Amino acid sequence: MANAGQPLPEPVSLRIVMRDENELPVVFCNHVALVRQGEQWFLTFAQVVPPVVMGSQVEQTSQLRARGEVEARIIARIVMDSERIAEVAKLLQGIPSDPGSGASLSEKPGPGD
């Protein structure tokens, strides 16, 4: 080991600046699935659009039962390790109630803050 016996360098705290957010489409999500495989968590975001059914309530119910399923269009899949998914859960539990406010996992105080 080249650094054996030498002190580790002091960590550096850098602010993360999000760029190009206007280059990505904003999409509607009404279905989320979370699957664990080992230490990895797969978070899948999807859109579920109800099928068009016509007629009386009885006819609509019959049409829906005949379908047996509804399609979910996957709009994003994100994989995270267990530590990061726990941070996301904590962030979501503390959702601010003020419109226009927000939070980020990267906004952690650095040394001296």
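Residues numbered from 1 in each chain as written. Predicted model: local features only at pLDDT ≥ 70, side-chain atom pairs only at ≥ 80, totals over all residues. Heavy atoms only, no water.

Here we come to the overall build of the protein. Summing up its helical and strand segments, the protein has two helices and three strands in all. Residues counted as buried form 11% of the 113 residues belonging to the protein. Carbon and sulfur atoms provide 56% of the accessible area of the protein, an area that totals close to 10,200 Å². (Helix = DSSP H or I, 4+ residues; strand = E, 2+ residues; numbered from the N terminus. Buried < 20%, exposed > 50% of the residue type's maximum accessible area, 1.4 Å probe, protein only. Areas by Shrake-Rupley, 256 points an atom, 1.4 Å probe, with all protein chains shown as cover.)

Right, let's get into the side chain of Ser82. Looking at the element boundaries, Ser82 is found in helix H2 (residues 82-93). Within the structure, the side chain of Ser82 is placed 3.1 Å from the side chain of Trp41, a separation counted as a polar contact. (Polar contact = N/O pair within 3.5 Å; in protein donor to acceptor, adjacent residues only side chain to side chain.)

In this section: the pattern of salt bridges. Enumeration over the complete set of coordinates arrives at two salt bridges. Linking Arg36 and Glu39 is a salt bridge whose minimum nitrogen-to-oxygen distance equals 3.1 Å. The salt bridge partner of Arg84 is Glu87, with a shortest N-O separation of 2.4 Å. Taken together, the positions of Arg84 and Glu87, both in helix H2 and three residues apart, correspond to about one turn of that helix. (Salt bridge = Lys/Arg side-chain N within 4 Å of Asp/Glu carboxyl O.)

Right, let's get into the sheet that holds strand S3 (residues 72-81). Spatially, three strands are ordered S1-S2-S3 in an open sheet, and the strand pairing comes out antiparallel. The open sheet is flanked by strand S1 (31-37) and S3, the only strands paired with a single partner. If you compare each strand with its neighbour and ignore which way they point, the axes differ by 20 degrees on average. Along the sheet, H2 contacts S1, strand S2 (40-48) and S3; its crossing angle with S3, the most-contacted strand, is approximately 115 degrees. (Pairing = 2+ DSSP bridges. Axes fitted to C-alpha atoms, helices over the stretch in contact; angles between N-to-C directions. Contact = heavy atoms within 4.5 Å.)

Now for the nonpolar core. Within soluble globular proteins, side chains that are nonpolar generally end up buried alongside one another. Counting five residues, the largest nonpolar core is built from Trp41, Leu43, Met80, Ile85 and Val88. Elements with a minimum of two residues in this core: S2 and H2. (Core = buried A, V, L, I, M, F, W, Y, C linked by side-chain atoms within 4.5 Å.)

Detailed reading of predicted coordinates is not advised where the pLDDT is low. Summary statistics for the protein give a mean pLDDT of 85 and a share of 83% for residues scoring 70 or more. Within the protein, the element-level pLDDT minimum falls on H2, averaging 91, and the maximum on S2, averaging 96. Note that residues 107-113 has pLDDT below 50 and, in this model, four contacts with residues that lie over four places away or in other chains. (pLDDT = per-residue confidence, 0-100.)

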